[in-house]
Amino acid sequence: MAADRNVFGEREYKEEFRQRLLSQLIRKYENSKAFANGEPVKQKPQISFNNGPFQAEYEDEMDFRKKEWIHEVLESLTAQGIVSVKWEKFREGRQLDKVYLDTDRIAAAYELAGMMPRERKMERLGGILSTLGDHPWEWVAQWSRETVQALGERKSAGLDLDDPEGYARLAEVLRELPRLEDDIPKRVLSHRLFRDTKVFERFVERRLVHLIQTRSGIEYDSDEDALESVGIADHPRSVWIAGALKCSVGAETVSLAMFPGGIGLSRDTVRKLTIDEIAGERIVLIENLTSWHQWVKARQGENELVVYTGGFPNRTAQLLLHKLGNYVYGDAGKGCSGPGKDGRMPVYHWGDMDAGGIHIFEFLRDHFFPGLEPVGMDESSYLHYADTGMEFGRSYANKLKDMLASGRFDRWHGLLELMLAHGKRIEQESMEIPAEAFG
């Protein structure tokens, strides 16, 4: 008789049903407050057989054997103390009402279901991400520390606990990026780290872009811009610059005054470039390319150096900004005719009046120009253009509120409060050149 039953899939059905039943009960347990708090459960995880996920097959009139097999599975699990059963009144042994998981036997339930305990998954993932706790990029290190802490508190932190390999790959990429001396194409990076040119795009890129967009403090217009900010670029961009700069490239000396509309410099050129003299009164950094071109065209002949940062500056722009910063804050930057602090050449930044523009300004100030001053990014400028601003939603407003609560943005409180009051952010392209700031 047993052999006949197996012909019709009794063994396979029972094993598959037991796994599904225990998996669903375990998931209910893992999603409970008791699990999250590490406390004993007050109400046992349960599944109804009157309207639950197994009702259709339990009441399958075309195959009455399923109900019999389900009863036999539950009889075995009950004997092992893993579940308990509630029968409908006056129909004991014939009609199920509910099945309860006994959490005192959770380890046995995990084993029979073929599942790794969620707590072990969290420990495993915490071990992978803890390797980033001392990452040289603070936003990565902070994400690592906060995530590992959340996992230790039995919180999933929005992670896929069943994909440790994916996070191990992400961690490997994040460890590699600060070591790069130059931009690197996706597939070259992928082959270098994984011996497969497509692994990065298939399994890492989406997660890395999300991390950059949500944790770096900069809101990028595209995935490409986000990746380029950390040095992943198939075609590295040039940096645009115009104005009063004399420089040497090898044995050749060049004056940018020869190029009234400015010039784009490749990374190799910037790497070999030596700044001989900035003959102007100031350096002006401009966030957006359209605005940079407008500025350069309108102010040809002005005694200043104008640099396009490309929003958040890519690595080519960062290399040039680093050289300019060394010039300004070295002996060469002293004694200029402009109103810079400590007699140094003043450096200004003009960007969007929004969260991203403020973050970009602070990045430039922190990394290259400690005396950096904003231009056209004040409260009066905001009020002048408020009617042309772009409306934003609740999540963006919460981001601005977080910035207000952070001591890092004290100088921007007035502008942040105006943005929240008006519910609008202002992009640089909608503004006129604030040249009157220089007299």
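Just above sits the structure.
First, a word on scope: everything that follows refers to the structure included in this document.

About the criteria used
Residues numbered from 1 in each chain as written. Predicted model: local features only at pLDDT ≥ 70, side-chain atom pairs only at ≥ 80, totals over all residues. Heavy atoms only, no water. Helix = DSSP H or I, 4+ residues; strand = E, 2+ residues; numbered from the N terminus. Rg over C-alpha atoms; globule rule 2.2 N^0.38 Å. Contact = heavy atoms within 4.5 Å. Areas by Shrake-Rupley, 256 points an atom, 1.4 Å probe, with all protein chains shown as cover. Axes fitted to C-alpha atoms, helices over the stretch in contact; angles between N-to-C directions. Parallel < 35°, antiparallel > 145°, perpendicular 65-115°, else oblique. Left-handed = near helix turned anticlockwise from the far one by under 90°. Nonpolar A, V, L, I, M, F, W, Y, C, P; charged D, E, K, R; others polar. Phe/Tyr/Trp six-rings, centres within 6.5 Å; stacked < 30°, edge-to-face > 60°. Buried < 20%, exposed > 50% of the residue type's maximum accessible area, 1.4 Å probe, protein only. Lys NZ or Arg CZ within 6 Å of the ring centre and 35° of its normal. Expected span 1.5 Å × (residues − 1). Salt bridge = Lys/Arg side-chain N within 4 Å of Asp/Glu carboxyl O. Pairing = 2+ DSSP bridges.

Comments concerning the overall build of the protein
Inference 1: Along its length, the protein carries 19 helices and 14 strands.
Inference 2: Relative to the compact-globule value of 22 Å for 439 residues, the protein shows a C-alpha radius of gyration of 31 Å, a clear excess of over 25%.
Inference 3: When its C-alpha atoms are laid out on the principal axes, the protein stretches across 100 × 50 × 35 Å.
Inference 4: Look at the contacts in the protein between residues 6 or more apart in sequence, and 67% of them connect residues 24 or more apart.
Inference 5: Total accessible area computed for the protein in this model is approximately 22500 Å², and 47% of it derives from carbon and sulfur atoms.

Looking at the packing of helix α9 (residues 164-176) against helix α10 (residues 186-194)
Inference 1: At a minimum axis distance of 11 Å, the contact between α9 and α10 shows a crossing angle of 110°. As judged from the angle between their axes, α9 and α10 are roughly perpendicular. Crossing handedness for the pair α9 and α10: right-handed. Listed contacts from α10 to Arg-169, Glu-172, Val-173 and Glu-176 of α9 are Leu-189, Arg-192, Leu-193 and Phe-194.
Inference 2: Grouping the amino acids of the contact of α9 with α10 by side-chain chemistry returns four nonpolar, no polar and four charged.

Description of the packing of aromatic side chains
Inference 1: Summed over all chains, the structure comprises 15 aromatic pairs.
Inference 2: An angle of 50° between the planes, with centres 5.7 Å apart, marks the rings of Tyr-13 and Trp-69 as tilted. Note that Tyr-13 is positioned in helix α2 (residues 10-30) and Trp-69 in helix α5 (residues 65-79), a separation of 56 residues in sequence.
Inference 3: Ring geometry for Tyr-220 and Phe-312: centres 5.7 Å apart, planes at 75°, overall edge-to-face. You can see Tyr-220 sitting in the loop between α11 (199-215) and α12 (223-229) and its partner Phe-312 sitting in the loop between β10 (304-308) and α15 (315-329), a full 92 residues away along the chain. Accessibility assignment for this pair places Tyr-220 and Phe-312 in one class, buried.
Inference 4: When the ring centre of Phe-203 is taken as reference, the NZ or CZ atom of Arg-169 above it lies at 4.7 Å.

Structural notes on helix α8 (residues 138-152)
Inference 1: With 15 residues, α8 should reach 21 Å at 1.5 Å per residue; the first-to-last C-alpha distance of 21 Å fits that figure.
Inference 2: Close packing links the buried residues of α8 with α7 (118-129), α9 and α11.
Inference 3: Once α8 ends, the next one or two residues include Arg-154, with phi positive near 65°.

Points about the pattern of salt bridges
Inference 1: Counting across every chain of the model gives 33 salt bridges.
Inference 2: Among the salt bridges present, the one from Glu-16 reaches Arg-20, with a minimum N-O distance of 2.8 Å. Of this pair, Glu-16 and Arg-20 both sit in helix α2, four residues apart, which is roughly one turn of the helix.
Inference 3: Measuring nitrogen to oxygen at the nearest pair gives 2.8 Å for the salt bridge that ties Arg-154 to Glu-119. Of this pair, Arg-154 sits in the loop between α8 and α9 while Glu-119 sits in helix α7, and the two are 35 residues apart along the sequence.

Topic: α9
Inference 1: Here α9 is 13 residues long and its end C-alpha atoms lie 18 Å apart, about the 18 Å a rise of 1.5 Å per residue gives.
Inference 2: Of the residues making up α9, those classed as buried are Pro-164, Gly-166, Tyr-167, Arg-169, Leu-170, Ala-171, Val-173, Leu-174 and Glu-176.
Inference 3: If you follow the buried residues of α9, they end up packed against α7, α8, α10 and α11.

What about the sheet that holds strand β5 (residues 245-249)?
Inference 1: Taken in spatial order, the three strands of this open sheet run β6-β5-β8, and their pairing is antiparallel. The open sheet has two edge strands, β6 (252-255) and β8 (273-278), and neither has a second partner. On average, each strand axis in the sheet is tilted by 25° relative to the strand beside it, whichever way the strands run.
Inference 2: Bridge count between β5 and β6: four bridges; the pairing is antiparallel. Among the inter-strand pairings, Val-249 is bridged to a residue of β6, identified as Glu-252.

The values reported here are purely geometric and, on their own, carry no functional implication.
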